[in-house]
Amino acid sequence: MEKIETEPIIELRDVWKIYKMGNVEVPALRGLTMKVYPHEFVAIMGPSGSGKSTAMNMIGCLDVPTKGEIYLDGEDVSRLSESDLAQIRGRKIGFIFQTFNLMPRLTALENVMLPMTFQDIPRYERERRAKKLLEDVGLGKRIYHKPSELSGGERQRVAIARSLANNPRVILADEPTGNLDSKMGREIMEMLLELHNSNGKTIVMVTHDESLSRYADKIIHLRDGRITEVEQ
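In this report, we go over the structure that sits alongside the text. (Residues numbered from 1 in each chain as written. Predicted model: local features only at pLDDT ≥ 70, side-chain atom pairs only at ≥ 80, totals over all residues. Heavy atoms only, no water.)

Our focus in this paragraph is the sheet that holds strand β1 (residues 10–21). With respect to topology, 4 strands assemble into an open sheet ordered β2-β1-β4-β5, the strand pairing being antiparallel. Looking at strand neighbours, the two that pair on one side only are β2 (24–36) and β5 (75–76), the edges of this open sheet. When β1 meets β2, the two strands line up antiparallel, connected through 9 bridges. Within the sheet, the bridge partner assigned to Lys17 lies in β2 and is Leu29. Running over the sheet, helix α1 (residues 52–59) touches β1, β2 and β4 (67–72) and is turned about 120° from β1. (Pairing = 2+ DSSP bridges. Helix = DSSP H or I, 4+ residues; strand = E, 2+ residues; numbered from the N terminus. Contact = heavy atoms within 4.5 Å. Axes fitted to C-alpha atoms, helices over the stretch in contact; angles between N-to-C directions.)

Written out as structure tokens, the structure is:
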């Protein structure tokens, strides 16, 4: 896709994340510098312990770096309070998790409506938008089912619909096919690709599955908290 916007939507500048385990310091990220541009589909890959989940937390405003700077849509978010980070997450980022992270007592419709609640969107508009999103992912007839009444693939479709509830600029997908069989995994990836190609969504996906990398425009390889290779 031709990139009209030239400024990155996500930028990490020399980001370190160091965890303290008693008297021992364990660096998860070691000077990570990277840019993601609008409308890119980026895969972050690496073995277990490479720092890819920590990188995802940084990009998603779920954590702050020990040192370094993180910019989201031109705003430095690396030193914001948790309440400010939560507001930015709600407006600009949609999350898709390996374990779906749906509220078990809520219906599919209520799960998709939930992120809009925190943005003060009126109930009638939340319900209208949630129904439309569920129809878009092929679950128009399952909107009143709870997660326990849905298959793994259907739950992930609900999660995709939920990630789009506030029309975010960025979708972060953390091992989105990890709990699915290969057929359903392909369907979910095709759905993400359609969001990227047709809706122009910026997608950042964390995965250890090399077969998923073919969906991405750019692949960032991590090892020991550092970038070892960037493939276009």
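Turning our eyes to something else, we now look at the pairing of strand β8 (residues 202–207). Burial of β8 is extensive: 6 of the 6 residues sit out of reach of the surface. Residues Thr202, Val204 and Val206 line one face of β8 and the alternating positions Ile203, Met205 and Thr207 line the opposite face, and both faces are buried. As defined by bridge partners, strand β3 (residues 41–45) adjoins β8 across 5 bridges and the pair is classed as parallel. Within β8, the position partnered with Ile44 by the bridge is Val206. Bridge count between strand β7 (residues 170–174) and β8: 5 bridges; the pairing is parallel. Note on β8: the bridge partner recorded for Asp174 is Val206. Running through helix α6 (residues 182–199), the crossover from β7 to the neighbouring parallel element β8 is right-handed. (Buried < 20%, exposed > 50% of the residue type's maximum accessible area, 1.4 Å probe, protein only. Right-handed = clockwise from strand over helix to strand, strands pointing away.)

Moving on, we get to the side chain of Glu11. Looking at the element boundaries, Glu11 is found in strand β1. In terms of polar contacts, Glu11 uses its side chain to reach the side chain of Arg13, at 3.1 Å. Not counting residues within four places of it along the chain, the set of residues in contact with Glu11 comprises Met34, Lys35, Glu69, Ile70 and Tyr71. (Polar contact = N/O pair within 3.5 Å; in protein donor to acceptor, adjacent residues only side chain to side chain.)

Within the open sheet, the 6 strands sit side by side as β6-β7-β8-β3-β9-β10. Their pairing is mixed. Of all strands in the sheet, those bounded by a partner on one side alone are β6 (93–97) and β10 (226–231). Averaged over all neighbouring strand pairs, the angle between strand axes comes to 20°, with direction disregarded. Here helix α2 (residues 82–92) sits on the sheet and contacts β6 and β7; the angle it forms with β6, its principal contact strand, is near 85°.

This paragraph deals with α1. Of all 8 residues in α1, 6 are buried; the element is thus mostly enclosed. If you check which residues of α1 are buried, you get Lys52, Thr54, Ala55, Met56, Met58 and Ile59. A positive backbone phi angle near 60° is found at Cys61, which sits one or two residues after α1.

How two aromatic rings sit relative to each other is set out by the distance from centre to centre and by the angle between their planes. For the coordinates displayed, the defined rule picks out 1 aromatic pair. Here Phe95 and Phe97 contribute two aromatic rings whose centre-to-centre distance is 5.8 Å and whose plane-to-plane angle is 5°, an arrangement assigned as stacked. The buried category is assigned to Phe95, whose relative accessible area is 15%. Here the guanidinium or amino end of Lys67 rests over the ring plane of Trp16, the centre of that ring lying 4.9 Å away. (Phe/Tyr/Trp six-rings, centres within 6.5 Å; stacked < 30°, edge-to-face > 60°. Lys NZ or Arg CZ within 6 Å of the ring centre and 35° of its normal.)

A separate point is the pattern of salt bridges. Within the structure shown, the criterion is met by 14 salt bridges. Linking Glu69 and Arg13 is a salt bridge whose minimum nitrogen-to-oxygen distance equals 3.5 Å. Of the two residues, Glu69 sits in strand β4 while Arg13 sits in strand β1, which places them 56 residues apart along the sequence. The exposure class assigned to Arg13 is partly exposed, which follows from its relative accessible area of 36%. The partner of Arg142 in a salt bridge is Glu154, with the nearest N and O atoms 3.3 Å apart. One end of the pair, Arg142, is in the loop between α4 (123–136) and α5 (152–163); the other, Glu154, is in helix α5, and 12 residues separate them in sequence. Among the residues examined, Arg142 registers a relative accessible area of 25% and is labelled partly exposed. Residue Glu154 is classed as buried on the basis of its relative accessible area, which comes to 19%. It is possible to trace a salt-bridge network through shared partners that takes in Glu11, Arg13 and Glu69. (Salt bridge = Lys/Arg side-chain N within 4 Å of Asp/Glu carboxyl O.)

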